[in-house]
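Listed below are the residues making up each chain.
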Amino acid sequence: AITHDKKYLDYMDHEWWLTSNELYSPQEHLYFRDSRYLTKKEANGRPLFWSRGNGWVMGGLVNVLEFMPADYPSRAKYVEQLRQMAAALAAIQSKDGLWRSGLLDPDGYALPEISGSAFITYGIAYGINAHILDRKTYEPVVKKAWAGMLSHVYVDGRLGSIQAIDAALGQFKPSASYVYGVGGFLLAGSELHKLAESRH
């Protein structure tokens, strides 16, 4: 966007679909963390997909669509992937509005994972604002997620229930707080603010 040189966009597009062909599940419409996880399973036998990893992809899709020209040849593929992932993630949203560290075995995790939940909420809310996702279908999803995240803001203003950076899904405390969770929370909030403003 800064250079107006198409080679950067073309390089990103090439790398995105190489990665997608390796790590995106066409059955589950979710991304594996990396190639080591293609055969790993949750305790319930389902494939292991990380909440935050898929949240980062949702955030990435948003960034791509924000800067990609409307007439770019493969833009429709990004729109379709956002729609697929949003539908899959909305279908597995927990009753508290949030997502667990491992997406397909929510009962296997004691706490919700806020950073993944925040980026997922950001991506879906952006999709509504950009008229890619149906507002009637997805607005309840993001509102429920936002209410769930607010329940993990402490009296001192800290955001908790955020998993640390690690090579494996680990246990963490409700007080666990990290900057990338806060960043995702702020991005989600900015899109929800736009969503609220568009009603006026």
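Structure's up top.
Residues numbered from 1 in each chain as written. Predicted model: local features only at pLDDT ≥ 70, side-chain atom pairs only at ≥ 80, totals over all residues. Heavy atoms only, no water.

S.K.: I keep staring at the overall build of the protein and nothing clicks. Help me out?
M.R.: Looking only at helices and strands, the protein has six helices and two strands in total. In the protein, the succession of α and β elements from N to C terminus is α-β-β-α-α-α-α-α. Against the globule reference of 16 Å for 200 residues, the protein gives a C-alpha radius of gyration of 17 Å, in line with a compact fold. A total of 200 residues make up the protein; the buried ones form 48% of that total. Counting only contacts in the protein whose residues sit at least 6 apart along the sequence, the fraction spanning at least 24 positions is 63%. (Helix = DSSP H or I, 4+ residues; strand = E, 2+ residues; numbered from the N terminus. Rg over C-alpha atoms; globule rule 2.2 N^0.38 Å. Buried < 20%, exposed > 50% of the residue type's maximum accessible area, 1.4 Å probe, protein only. Contact = heavy atoms within 4.5 Å.)

S.K.: Looking at this structure, I do not really get the nonpolar core. What am I missing?
M.R.: Note that soluble globular proteins tend to have their nonpolar side chains buried in a common cluster. In this structure, Trp16, Tyr78, Met85, Leu89 and Ile124 are the most contacted members of the largest nonpolar core, which totals 55 residues. Ranked by residues supplied to this core, first place goes to helix α4 (residues 114–129) with nine residues. Ignoring any residue separated from it by four or fewer positions in sequence, one finds Trp16 in contact with Tyr31, Val57, Gly60, Leu61, Val64, Tyr78 and Gln81. (Core = buried A, V, L, I, M, F, W, Y, C linked by side-chain atoms within 4.5 Å.)

S.K.: Got a minute to help me understand the packing of helix α1 (residues 6–23) against helix α3 (residues 75–91) in this structure?
M.R.: The axes of two packed helices give the description: the angle between them and the distance between them. Interhelical geometry of α1 versus α3 gives an angle of 40° and a closest axis separation of 12 Å. Between α1 and α3, the interaxial angle falls into the category oblique. The way α1 lies across α3 gives a crossing that is left-handed. Taken together, the residues of α3 that come into contact with α1 (itself represented by Met12, Asp13, Trp16, Trp17 and Ser20) are Lys77, Tyr78 and Gln81. Across the contact of α1 with α3, the residue classes break down as four nonpolar, two polar and two charged. (Axes fitted to C-alpha atoms, helices over the stretch in contact; angles between N-to-C directions. Parallel < 35°, antiparallel > 145°, perpendicular 65-115°, else oblique. Left-handed = near helix turned anticlockwise from the far one by under 90°. Nonpolar A, V, L, I, M, F, W, Y, C, P; charged D, E, K, R; others polar.)

S.K.: What exactly am I supposed to notice about helix α5 (residues 135–150) here?
M.R.: Every α-helix carries 3.6 residues per turn, so stepping three or four residues along brings you back to the same face. Its 16 residues place the ends of α5 22 Å apart at the C-alpha level, agreeing with the 22 Å of an ideal helix rising 1.5 Å per residue. The set of residues buried in α5 consists of Tyr138, Glu139, Val141, Val142, Ala145, Gly148 and Met149. Of the surrounding elements, those touching the buried residues of α5 are α3, α4 and α6 (179–197). (Expected span 1.5 Å × (residues − 1).)

S.K.: Is there a simple way to explain the environment of His4 in this structure?
M.R.: Summarising the element assignment, His4 is placed in the segment before α1. Separated by 130 residues in sequence, His4 and Asp134 have C-alpha atoms that sit 31 Å apart.

S.K.: What exactly am I supposed to notice about unusual backbone geometry here?
M.R.: Excluding glycine, residues mostly carry a negative phi; peptide bonds, for their part, are mostly trans. Unlike most non-glycine residues, His131 shows phi in positive territory, near 60°. Structurally, His131 can be placed in the loop between α4 and α5. By relative accessible area, which is 72% here, His131 ends up exposed.

S.K.: Please explain α6 as it appears in this structure.
M.R.: Taking 1.5 Å as the rise per residue, α6 with 19 residues should run 27 Å; its terminal C-alpha atoms sit 27 Å apart, in good agreement. Considering only its buried residues, α6 is in contact with α2 (51–67), α4 and α5.

S.K.: Whenever I open this one, the packing of aromatic side chains confuses me. Can you help?
M.R.: On inspection of all chains with the given rule, the structure shows nine aromatic pairs. Here Tyr24 and Tyr31 contribute two aromatic rings whose centre-to-centre distance is 5.0 Å and whose plane-to-plane angle is 50°, an arrangement assigned as tilted. You can call Tyr24 buried: its relative accessible area is 12%. Measuring from centroid to centroid gives 4.4 Å for Phe32 and Phe49, while their planes differ by 35°, and the two rings are tilted. Remark: Phe49 occurs in the loop between β2 (30–31) and α2 and Phe32 occurs in the loop between β2 and α2; sequence separation between them is 17 residues. Look at Phe32 and you get buried, because its relative accessible area is 12%. Aromatic ring contacts, followed pair by pair, group Trp56, Phe119, Tyr178 and Tyr180 into a single cluster. (Phe/Tyr/Trp six-rings, centres within 6.5 Å; stacked < 30°, edge-to-face > 60°.)

S.K.: Please explain the side chain of Ser25 as it appears in this structure.
M.R.: You can see Ser25 is positioned in strand β1 (residues 24–25). On the accessibility criterion, Ser25 (7% relative accessible area) is buried. Dropping the residues within four chain positions of it, Ser25 is found in contact with Leu30, Phe32 and Phe49.

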